[in-house]
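Chain by chain, the residues run as shown.
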Amino acid sequence: MTTDTTHAADTTGTATADTRATGAGVRAVRRRRLLVLTARLGVAVVVLGGWQLATTVGWLDPFFFGQPSGIARRLVEFFSQGQQATEFGSFWLQIETTLKEAVLGFALGAVTGVVFGVALGQNQFLADVFGPYLKIVNAIPRIVLGSIFVVAFGIGETPKILLAAVLVFFVVFFNAFQGVREVDRNILANARVLGASPLQIVRHVVVPSALTWIIASLHTAFGFAIVGALVGEVLGAQNGLGLVIKTAQNSFDPNGVFAAMFVIAVIALSAEWLITKLEHRLLSWRPPSPSEAAAI
Amino acid sequence: MAVRDATVTGPGAGRPGRADHANHAGRAGRAGRADHADRADARIELSGVTKRFLTPSGEAFTATRDVSFSVEPGQFCAVVGPTGCGKSTTLSLVSGLDRPSEGSVRVGGREVDGITEGISFMFQADALLPWKTVLGNVAMGPMFRGVGKKQALASARDWLRRVGLTGFEDHHPHQLSGGMRKRVAMAAALINEPSILLMDEPFGALDVQTKAIMSNELLGLWEQLRPSVIFITHDLEEAVALADRVVVMTSGPGSVKAVYDIDLPRPRGSVQSIRFEPRFLELHHQIWESLREEVQRAYARTTGETS
Ligand SMILES: Nc1ncnc2c1ncn2[C@@H]1O[C@H](COP(=O)(O)OP(=O)(O)OP(=O)(O)O)[C@@H](O)[C@H]1O
Ligand SMILES: [Mg+2]
């Protein structure tokens, strides 16, 4: 009897404590978010403001180091002057060219990287044969390949796409390879006993399992694709943001360089956002990481 | 024959999904099950099986030595033995995932070569695919065997109902409790209506109550499908309560120490209440005497080796 009542009292007590804890938790989370946002804005103000101040007062020479207000002005010029924005057409055309090269190179490199990674990860013989060569090619500073591609394929879009693809390939390949190697032996044995054919094992077990690794590599890989496209353009091109940067450099226009850099950063961040979306979609089965399922 | 068929379809009778499944995925199994007394294809026979592994330093390590025992079609055989004596290794040989170094493993009179036909395996460790839903995990078996997606999903739903997991179809394994994951694994193993069922400490990690419930469920399902079972366990009570035959293995390298036939009548009814019957206690005592020696020897050796 007595135990019963104390028990009942206990549960009601816990219930109110629970709601109280929830309320406090929501408030704590909101306060923290506000604090983080303010601190972030503060950092931007200090950095940009300091730069602007230093160049205005004369501690730094804006002729060499640019100036935030100058960069902003340059950006407005780039986007408002239409065909006259650069010597080789509108600024949008430059963005389009670089973006196209980067995306195509990214796709080409990622697909071949996954295919080779899975094949070599699955097949010990292939891995043993190709392993040392891949290591050698990986050790070469691959940016230099850009010069060869420009010589071989001219100054069109092909050499940039190839350079981007090569850079992406190695990042994705090594991750896919490792991911395939890490497939859980039990899960593999289970699928085999259930009667899966080798192809079904690749489709239902190996690729989904390696996907965590592959997608993690895609985040860095898109950055490499952009680097590949830009370097290719600097080495020789008719269009593209790399060419914009090179021209600005040659005419002592640091603001132009920074403006192009800013646009590239926006592109990279958008790509990152898309890849994160893709990641959430494809890896929705994963348990939330400890930070996402934060305890109060 | 007709009677047995009726009992087999019993749980899902009148449900279209179940009837479809029986006609397609289950045909081979059902034909074989019709008279399980002479289902020779479900007889498991190990004779003189030795399995060696190559250690990283290049030496040969003998996991099992000269293991011989057999499981009759439709029989429930439990294997007990100290840890590390090669029980899991033996199962991987029967399933065809691995080959013996010496001796022969025969299923249905044929030497095992590649994955054994008509077999299902519940692994010691969690082997569900974390990226598939519960439903997808259970439907894998029929899908790998070429059953249409719709039918596979329908019979997966039916099997989830049988193991009491209706409503959890769209969950992912990490959202389930350990006991629920074992139920999913059980449904995934039984959906193919195997003629041979290998279970490696299936309920080892469960609490006593859940274990008892799952054991009863397993016995019920086994009585409907009547596969030959090899059931590995550390729990001797569980072994005696469930099995027709208990194989005791020696500490590593494992070999068969003794085989006991359990003559408790079937159906056994509840696993909890059979524990108090005199015949059960007598058998349990007898087998424990034999097992205790091995467990102590294995324990002495591992502690002796590390110190
Ligand atoms: N692939 C392998 N390579 C090398 N040694 C192995 C391998 N698999 C198992 N062994 C060894 O064989 C022995 C038997 O292993 P096994 O997993 O069959 O034991 P077990 O009886 O199932 O033990 P437990 O009851 O703890 O599960 C162990 O000593 C183990 O270290
Ligand atoms: Mg084991």
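Remember, it's a predicted structure, so these values are computed and weren't measured experimentally.

All names here are of chain B. Around ligand 1, a shell composed of 13 residues is seen, among which Thr83, Gly84, Lys87, Ser88 and Thr89 lie nearest. Contacts to ligand 1 include Lys87, whose side-chain N or O atom sits 2.7 Å from an oxygen atom. Contact distances for ligand 1 include 2.6 Å between an oxygen atom and a side-chain N or O atom of Ser88. Here ligand 1 loses 63% of its free accessible area of 630 Å² to cover by the protein chains. Elements that contribute at least two residues to the shell around ligand 1 include exactly strand 2 (60-71) and helix 4 (87-95). When the residues that make up the shell around ligand 1 are grouped by side-chain class, the tally is four nonpolar, seven polar and two charged.

The next subject is the interface of chain A and chain B. Contacts between the two partners involve 19 residues from chain A and, on the opposite side, 23 residues from chain B. Of the roughly 2,000 Å² buried between chain A and chain B on both sides combined, carbon and sulfur atoms contribute 68%. Here chain A is connected to chain B by six residue pairs in polar contact (both at pLDDT 80 or more). Those elements giving two or more residues to the side of chain A that touches chain B turn out to be helix 8 (185-193) and helix 9 (198-235) of chain A. With seven residues, helix 8 of chain A is the single largest residue contributor to the side of chain A that touches chain B.

To continue, consider the state of the cysteines. Residues and elements named next belong to chain B. On inspection of all chains with the given rule, the structure shows zero disulfides over all chains. Among the cysteines around Cys77, which has no disulfide bond, Cys85 carries the closest sulfur, lying 13 Å off. Residue classification places Cys85 among the buried residues on the basis of a relative accessible area of 0%.

As a further point, take helix 6 (residues 145-153) of chain A. Residues and elements named next belong to chain A. Every buried residue of helix 6 is listed here: Gly146, Phe149 and Val150. End-on view of helix 6: buried residues confined to an arc of 100°, all on one side of the axis. Exposed side chains of helix 6 directed beyond 90 degrees from the buried face belong to Val151 and Ala152. Buried residues belonging to helix 6 abut helix 7 (158-181) and helix 9. Positive backbone phi, approximately 80°, marks Gly154, located one or two places after helix 6.

Bringing the coordination of the magnesium ion (ligand 2) into the picture now. Only Ser88 of chain B (OG) and Gln124 of chain B (OE1) from the protein coordinate the magnesium ion (ligand 2), and they sit 1.9 to 2.3 Å from it. Note that Ser88 of chain B is positioned in helix 4 and Gln124 of chain B in the loop between strand 6 (119-122) and helix 5 (134-144), a separation of 36 residues in sequence.

Before going further, it helps to examine the nonpolar core. By size, the foremost hydrophobic cluster in this structure holds 55 residues, and its most contacted members are Phe76, Met186 and Val246 of chain B. Ranked by residues supplied to this core, first place goes to helix 7 (residues 178-190) of chain B with seven residues. A domain split of this core shows at least three residues from each of domain 1 (3-118 + 195-306) and domain 2 (130-193) of chain B. Leaving out residues up to four positions away in the same chain, Phe76 of chain B has contacts with Leu218, Leu219, Trp222, Val229, Phe231, Leu242, Ala243, Asp244, Arg245 and Arg266 of chain B. Membership of the second largest hydrophobic core comes to 54 residues, among which are Phe91, Val118, Ala210 and Ala271 of chain A.

Calculation notes
Residues numbered from 1 in each chain as written. Chains lettered and ligands numbered in written order. Predicted model: local features only at pLDDT ≥ 70, side-chain atom pairs only at ≥ 80, totals over all residues. Heavy atoms only, no water. Near = heavy atom within 4 Å. Polar contact = N/O pair within 3.5 Å; in protein donor to acceptor, adjacent residues only side chain to side chain. Areas by Shrake-Rupley, 256 points an atom, 1.4 Å probe, with all protein chains shown as cover. Helix = DSSP H or I, 4+ residues; strand = E, 2+ residues; numbered from the N terminus. Nonpolar A, V, L, I, M, F, W, Y, C, P; charged D, E, K, R; others polar. Contact = heavy atoms within 4.5 Å. Buried area = accessible area lost by both parts, 1.4 Å probe. Disulfide = S-S within 2.5 Å. Buried < 20%, exposed > 50% of the residue type's maximum accessible area, 1.4 Å probe, protein only. Arc of directions from axis to C-beta. Donors = N, O, S within 2.8 Å, 3.2 Å for Na, K, Ca; no water. Core = buried A, V, L, I, M, F, W, Y, C linked by side-chain atoms within 4.5 Å. Domains from an automatic or database assignment.

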